[in-house]
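Structural overview for review
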Amino acid sequence: RAKAAGKSGFVIFDEGMHQEALARLQLETDFRLAFERAEFRLHYQPIIELASGRLVGAEALVRWRHPTRGLLPPAEFLGIAEETGLIVDMDAWALREACRQLGEWRRRYPELGQLSMNVNVDERQMVSPEIVEEVFRLIQEHQLPPASLRLEVTETAFRAGRGQAEERLLSLKALGVGLVVDDFGTGYSSLESFAASPFDALKMDQVFIRDIETNRRHRAIVRTITGFADELGLALTAEGIETEGQRALLESVGCQFGQGYLFSRALPAEQFEQKLLASARIVG
Ligand code: C2E
Ligand code: MG
Ligand code: MG
Ligand code: MG
């Protein structure tokens, strides 16, 4: 919508753009302050074993408690986080907080045993030199079995030519933490790039799940991914399960884990804890 830059090189803004730019600048200023003001929160979405209904883990999802605009989902601020580079600090915070919370739950409820925690890691954090040491330090500090921490990265983080990320992934793998490909099936990676990759799990993107009952092509893709994961010995989770029909279909093709509104939205820590205890009681 920018009125083209004239010969002079000036860009002429209209009033709407001016307002938009100001709002954005304000949000960016607020975002920088969010760290000092401790406004970030993690919500936890249950990850379910489809056959048993057992709650086996959580995915930590960041929220921003904005002073005037309320609780914001990542879609509202990830753009700013990426552009300012502050996503590295935000992710570092999220990783620390998720590890602290997992350690607390594991200590408080030792009978739950296997509980794991998935944390999203942006590719910029993945290439940062501190990540391996930081993960090592956190699993020590909170006495986490390394495999109970699972880092989710999207395919862009290990595309060809990203040697640094590849190197970090191998070092993290050596620590024993789980590595998960997030939004699998929506990126541009060749299947070949997975042959040598150090991942132990895939997360199927919700675009395939949403219409799995009506869209034959998506159903075929889901079957193919399930077979692929199975053959390579990768754990498989489906995201965005909203109906019992979707759940049953996924279970029938052999997808082992799932998450989605059918089971639960992402919850604040206290509410997640209630679910955790309820699930442990039902399953015994
Ligand atoms: P994601 O990692 O693929 O997370 C799944 C998203 O799908 C979450 O949105 C979750 O709330 C949503 N979802 C879960 N079940 C359902 C369902 O049944 N139906 C529908 N329609 N949606 C469902 P959320 O929390 O808004 O997060 C969006 C994205 O933001 C995440 O996608 C992830 O890529 C990113 N993100 C979240 N937290 C972090 C973080 O700490 N660091 C980084 N770098 N990215 C994050
Ligand atoms: Mg994720
Ligand atoms: Mg995902
Ligand atoms: Mg997704």
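Report follows, based on the coordinates. (Residues numbered from 1 in each chain as written. Chains lettered and ligands numbered in written order. Predicted model: local features only at pLDDT ≥ 70, side-chain atom pairs only at ≥ 80, totals over all residues. Heavy atoms only, no water.)

1. Here's the deal with the coordination of the magnesium ion (ligand 3)
Here the magnesium ion (ligand 3) is held by D182 (OD), D183 (OD) and E239 (OE), and the distances to it run 2.0 to 2.4 Å. Binding-site remark: the magnesium ion (ligand 3) is held by donors from one chain whose sequence spacing is D-D-x55-E. According to the relative accessible area criterion, D182 is buried, its value standing at 7%. (Donors = N, O, S within 2.8 Å, 3.2 Å for Na, K, Ca; no water. Buried < 20%, exposed > 50% of the residue type's maximum accessible area, 1.4 Å probe, protein only.)

2. Things to note about the site of ligand 1
Within the structure, ligand 1 sits among 22 residues, and R63, D91, D182, E242 and Y261 are positioned closest to it. In this structure, an oxygen atom belonging to ligand 1 sits 3.4 Å away from a side-chain N or O atom of Q206. Residue Y261 places a main-chain N or O atom 2.7 Å away from an oxygen atom belonging to ligand 1. Elements supplying a minimum of two residues to the shell around ligand 1: β2 (55-66), α3 (87-108) and β6 (178-184). In the shell around ligand 1, the residues fall into eight nonpolar, five polar and nine charged. (Near = heavy atom within 4 Å. Polar contact = N/O pair within 3.5 Å; in protein donor to acceptor, adjacent residues only side chain to side chain. Helix = DSSP H or I, 4+ residues; strand = E, 2+ residues; numbered from the N terminus. Nonpolar A, V, L, I, M, F, W, Y, C, P; charged D, E, K, R; others polar.)

3. A word on the pattern of salt bridges
Side-chain pairs of opposite charge can arise where the charged atoms are in close proximity. Tallying each qualifying case throughout the model produces 17 salt bridges. One salt bridge connects R108 with E104, and the closest N-O pair in it is separated by 2.1 Å. Note that R108 and E104 are positioned in helix α3 at a spacing of four residues, about one turn of the helix. Classification of R108 by relative accessible area gives partly exposed; the value is 41%. (Salt bridge = Lys/Arg side-chain N within 4 Å of Asp/Glu carboxyl O.)

4. Things to note about the coordination of the magnesium ion (ligand 4)
Distances from the magnesium ion (ligand 4) to its protein donors, D183 (OD) and E239 (OE), fall at 2.3 Å. The metal-metal distance between the magnesium ion (ligand 4) and the magnesium ion (ligand 3) is 3.1 Å, with D183 serving as a donor to both. With D183 in strand β6 and E239 in the loop between β8 (235-238) and α10 (244-253), the pair connects residues that are 56 residues apart, well separated along the chain.

5. Looking at the packing of aromatic side chains
Two descriptors summarise a pair of aromatic rings, namely the distance from one centre to the other and the angle between the planes of the rings. The final tally for this structure, using the stated rule, is 13 aromatic pairs. A ring pair is formed by W64 and F77, whose centres lie 5.7 Å apart and whose planes are at 90°; its orientation type is edge-to-face. Note that W64 is positioned in strand β2 and F77 in the loop between β3 (70-72) and α2 (78-84), a separation of 13 residues in sequence. Exposure class is identical for W64 and F77. Each is buried. Three or more aromatic residues link up through ring pairs in this structure, and these residues are F31, F35, F40, W64, F77 and W93. R265 extends its terminal NZ or CZ atom over the ring of Y261, reaching a point 3.9 Å from the ring centre. (Phe/Tyr/Trp six-rings, centres within 6.5 Å; stacked < 30°, edge-to-face > 60°. Lys NZ or Arg CZ within 6 Å of the ring centre and 35° of its normal.)

6. Observations regarding the nonpolar core
Core analysis: the largest hydrophobic core is formed by 72 residues, its most contacted members being L151 and L250. Residue contributions to this core peak at eight residues, all from α3. The residues contacting L151, other than those within four sequence positions of it, are L95, V119, V121, V135, L172, V177, G178, L179 and V180. (Core = buried A, V, L, I, M, F, W, Y, C linked by side-chain atoms within 4.5 Å. Contact = heavy atoms within 4.5 Å.)

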